Amino acid sequence: MLRLRNEQLTIWDSILPKEVLELSPELKTVDRLLDDERFMEPFLSHWNIRIGRPTVPVETYLRLMFLKFCYGFGYETLVSEVSDSIKWRRFCRVDLDALVPHSTTLIKLSQKYGDKIIEDLNKKLVTKASQEQMTRNRRLRTDTTVTESNVHYPTDAHLLADAVKTITRQANRLCDQVSGTVPKMRNRFRSTKKRILEIGKTLKRRSHEAVQEVRNITDKLVDKAIETISDAHRIMDKVEETWGEQISPALKNTIEKLDKLIHTTDKIVNQTLQVNSGKTHIPQRVISLYDPDARPIQKGKLKSPTEFGYKTEITENEDRLVTDYKIHIGNPSDESLLLGTVRRHIENTGRIPYAVATDRGYSSGKNEAALTELGIKRISIPKKGKKTQKRQTHERQRWFRRLQAWRAGGEGTISILKRKYGLGRSLLRGHRGVSIWVGFGILTYNLRRLAAMN
């Protein structure tokens, strides 16, 4: 049963002195912002269930997640810190004689509510700030960055070894669930580990012959992965044949997980065979068995030429409030994203910006024409390639250069979001998980930004 608020008062509210219960100015402002009823609407529209055990109050959940992303706590540390602080308990609407929600409960709630609710909360906060004139929306700047997935550096050999290990464990778990009526899989852990160690020794030679030897060893790992997939299919077929329509939900869930692992491993095997045949540029390349949506992304950085994760688009106004964000699978061109970004900004703020500033990656004649049709007066987007004399004169105008200087400040916002609010690396996996992680990080940043402005 969905519970929005904790309405029950306790005796401590009247006994404790006012100084103990007084919140800091920032928490007081954030508390007031989150008290708006419009932040309850997404939960009511998606999870307004009248049966079952009462959930953690939504107001408590939102405030706990704010503190988590504000201070970079883990779930266990968050529960511990809130339990020990009277002021944080008051901010989170947790009574002094009550238990703070368990860390696993918060994890399950984040997965349950999903990324769409977090996206709605961010939109409603931006709309509220615009309607109440807490922020201006005359200028817009947008840029993209990479939110890395929480995976180790991907190589074909390690991906195949991970696949063999994980499929074997999941298949044996399935065998245990059917009480041993199906024989367990052959354990290939040791042989795959030997192949990985062979690759490490071979690469120390740093010769051209070593590259071919590594490919030969990787071919052996491919054979191991194919054998493992065949054994897993045999076990699944045997279980379905034996149990038929009597398969329990738990057993069905295990089979679905195993089938998903096999499907991802098939992709890894195919891309490995392509690499060994000489084709190194593979579109939609899988870089993780556990996060199949993550992709290698090149942004031209000297420090990290290739990053592994998701492309994140950040849009903000002149008050450095993030008015829109979007998580993209792969590396779509910035040019193709601009029009959708501006339209979402207008929808969220209810106002057409006077000026738009981006880097040259967004440049195209179609984009400038489309932005002009939307009613934007000043468009500061440097043109790619060779410029005509007329274009050079246009880009030397004072307003154009000032907008470009202002646009460069967006790099600072991205840096803060990545260093302090978790956008550098997501600890949740999959496109949905990364969207939840990034959404909460931006919601926390926006709340603190509005608290600092008011």
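Per chain, residue numbering runs from 1 following the sequence as it is written. Where local features are concerned, this predicted model is filtered to residues with pLDDT of at least 70; where side-chain atom pairs are given and counted, the filter is 80 or more; whole-chain, interface and lining totals use all residues. As a rule here, side-chain values cover all heavy atoms of the structure and leave hydrogens and water aside.

### Describing the pairing of strand β2 (residues 295-298)
When a strand is regular, its side chains alternate between the sheet's two faces.
(1) Moving on: A simple rule labels every residue: compare its accessible area, found with a 1.4 Å probe on the protein chains alone, to the largest value its type can have, and call it buried under 20%, exposed over 50%, or partly exposed in between. Numbering of helices and strands runs from the N terminus, with a helix taken as a DSSP run of H or I at least four residues long and a strand as a DSSP run of E at least two residues long. By the alternation rule, side chains of β2 split into Arg295 and Ile297, which are all buried, and Pro296 and Gln298, of which none is buried.
(2) Moving on: Where β2 lies against strand β3 (residues 306-317), 4 bridges are found, and the strand directions are antiparallel. Counted as the bridge partner of Ile297 is Glu307 from β3. One bridge is not enough; two strands pair if DSSP finds at least two bridges between them.

### Details of a negative patch on the surface
(1) Moving on: Exposure above 30% relative accessible area and no salt bridge define the residues that can form patches, which grow by joining like charges within 9 Å and nonpolar side chains of Val, Leu, Ile, Met, Phe, Trp and Tyr within 5 Å. For the area figures, the Shrake-Rupley method with a 1.4 Å probe applies, and any residue is considered shielded solely by the protein chains shown. The working definition used for a salt bridge is a side-chain nitrogen of Lys or Arg within 4 Å of a carboxyl oxygen of Asp or Glu. Positive: Lys, Arg. Negative: Asp, Glu. His and the chain ends are not part of the count. By convention, the point assigned to a charge is CZ for Arg, NZ for Lys, CD for Glu and CG for Asp. On the surface, Asp237, Glu240, Glu241, Glu256 and Asp259 cluster together into a negatively charged patch.
(2) Moving on: When contributions to the negative patch are tallied by element, the ones reaching two or more residues are α11 (208-243) and α12 (249-276).
(3) Moving on: Per-element tally for the negative patch: the top contributor is α11, with 3 residues.
(4) Moving on: By secondary structure assignment, the location of Glu241 is in helix α11.

### Quick notes on the packing of aromatic side chains
Two measures describe an aromatic ring pair: the distance that separates the ring centres and the angle between the ring planes.
(1) Moving on: Here a pair means two rings of Phe, Tyr or Trp (six-membered ring of Trp) with centres within 6.5 Å. Their orientation is stacked below 30 degrees between planes, edge-to-face above 60, and tilted elsewhere. The full count for this structure, using the stated rule, is 12 aromatic pairs.
(2) Moving on: Seen in terms of ring centroids, Phe69 and Phe440 are 5.8 Å apart; in terms of plane orientation they differ by 20 degrees. Their pairing is stacked. One end of the pair, Phe69, is in helix α5 (residues 58-71); the other, Phe440, is in helix α18 (residues 430-453), with 371 residues separating them in the sequence.
(3) Moving on: Taking the relative accessible area as the measure of exposure, Phe440 reaches 2% and is therefore buried.
(4) Moving on: For the ring pair Tyr153 and Phe308, a centre distance of 5.2 Å and an interplane angle of 85 degrees mean the geometry is edge-to-face. Taken together, the residues span a long stretch of sequence, with Tyr153 in the loop between β1 (139-149) and α9 (156-177) and Phe308 in strand β3 at a distance of 155 residues.
(5) Moving on: Among the aromatic residues, ring-to-ring pairing joins Phe43, Tyr61, Phe69, Tyr113, Trp437 and Phe440 into one connected group.
(6) Moving on: One residue, Lys68, lies across the ring of Phe69, its end atom 5.4 Å from the ring centre.
(7) Moving on: Directly above the aromatic system of Trp406 lies the positively charged group of Arg139, at a separation of 4.7 Å from the ring centroid. Counting as a charge over the ring demands two things of the Lys NZ or Arg CZ atom: a distance within 6 Å of the ring centre and an angle within 35 degrees of the ring normal.

### Notes on the packing of α9 against helix α10 (residues 189-203)
(1) Moving on: Their axes nearest at 10 Å, the elements α9 and α10 cross at an angle of 170 degrees. By the angle between their directions, the pair α9 and α10 is classed as roughly antiparallel. Here α9 contributes Ala157, His158, Ala161, Val164, Lys165, Thr168 and Arg169 to the contact with α10, which in turn contributes Phe189, Thr192, Ile196 and Ile199.
(2) Moving on: Put simply, Ala, Val, Leu, Ile, Met, Phe, Trp, Tyr, Cys and Pro go in the nonpolar bin, Asp, Glu, Lys and Arg in the charged bin, and everything else, Gly too, in the polar bin. Residues of the contact of α9 with α10, tallied by class, amount to 6 nonpolar, 3 polar and 2 charged. What counts as an axis is a line fitted to C-alpha atoms, over the stretch in contact for a helix, and the angles between N-to-C directions run from 0 to 180 degrees. Each angle is binned into one of four classes, with values under 35 degrees roughly parallel, values over 145 roughly antiparallel, values of 65 to 115 roughly perpendicular, and all other values oblique. Pairs of residues are marked as contacts when any of their non-hydrogen atoms sit within 4.5 Å.

### A look at the pairing of β3
(1) Moving on: Among the 12 residues of β3, 11 are classified as buried, and the element is accordingly described as predominantly covered.
(2) Moving on: By the bridge criterion, 9 bridges tie β1 to β3 in an arrangement that is antiparallel. Bridge pairing in β3 links Leu140 to Asn317.
(3) Moving on: Across 6 bridges, β3 lies against strand β4 (residues 322-328) in antiparallel orientation. If you follow Lys311 over to β4, its bridge partner there is His328.
(4) Moving on: Hairpin connection from β3 to β4: 4 residues lie between these consecutive antiparallel strands, with Arg320 at a positive phi of about 60 degrees.

### Quick notes on helix α13 (residues 338-349)
(1) Moving on: Between the first and last residue of a helix there are one fewer steps than residues, each counted as 1.5 Å, and that sum is the expected span. Across its 12 residues, α13 extends 17 Å between first and last C-alpha, which sits within 8% of the 16 Å expected from 1.5 Å per residue.
(2) Moving on: Along α13, the positions that sit buried rather than exposed are Leu338, Thr341, Val342, Arg344, His345, Ile346, Asn348 and Thr349.
(3) Moving on: Against the buried residues of α13 lie α8 (103-131), β1, β3, β4 and α14 (365-374).
(4) Moving on: At the C-terminal side of α13, Gly350 shows a positive phi close to 75 degrees.

### Concerning α14
(1) Moving on: Residues of α14 that are buried: Asn367, Glu368, Ala370 and Leu371. Projection of α14 onto a plane perpendicular to its axis shows the buried side chains occupying an angular sector of 165 degrees, all on one side. Projecting away from the buried face of α14 at angles above 90 degrees are the exposed residues Gly365, Lys366 and Glu373.
(2) Moving on: Those residues of α14 hidden inside the fold are in contact with α13, β5 (355-357), β6 (378-380) and α15 (389-395).
(3) Moving on: One or two positions beyond α14, positive phi appears at Gly375, with a value near 105 degrees. Picture the helix axis, draw a direction to every C-beta atom, and the arc is the one those directions span.

### Some remarks on the side chain of Lys224
(1) Moving on: Its location among the elements puts Lys224 in helix α11.
(2) Moving on: Beyond its immediate chain neighbours, meaning those up to four positions away, Lys224 contacts Val164, Arg186, Arg188, Ser191 and Thr192.

### Quick notes on the pattern of salt bridges
In a structure, side chains of opposite charge can pair up when their charged atoms sit close to one another.
(1) Moving on: Per the counting criterion, the structure on display carries 28 salt bridges.
(2) Moving on: Notably, a salt bridge pairs Asp231 with Arg188, separated by 2.9 Å at the nearest N-O pair. In this pair, Asp231 is assigned in helix α11 and Arg188 in the loop between α9 and α10, connecting sequence segments 43 residues apart. The same class applies to Asp231 as to Arg188, namely buried.
(3) Moving on: Between Glu198 and Arg195 there is a salt bridge whose closest N-O contact spans 2.9 Å. Separated by 3 residues within a single helix, Glu198 and Arg195 lie in helix α10, roughly one turn from each other.
(4) Moving on: Judged by its relative accessible area of 28%, Glu198 is partly exposed.
(5) Moving on: Given the relative accessible area of 15%, Arg195 is considered buried.

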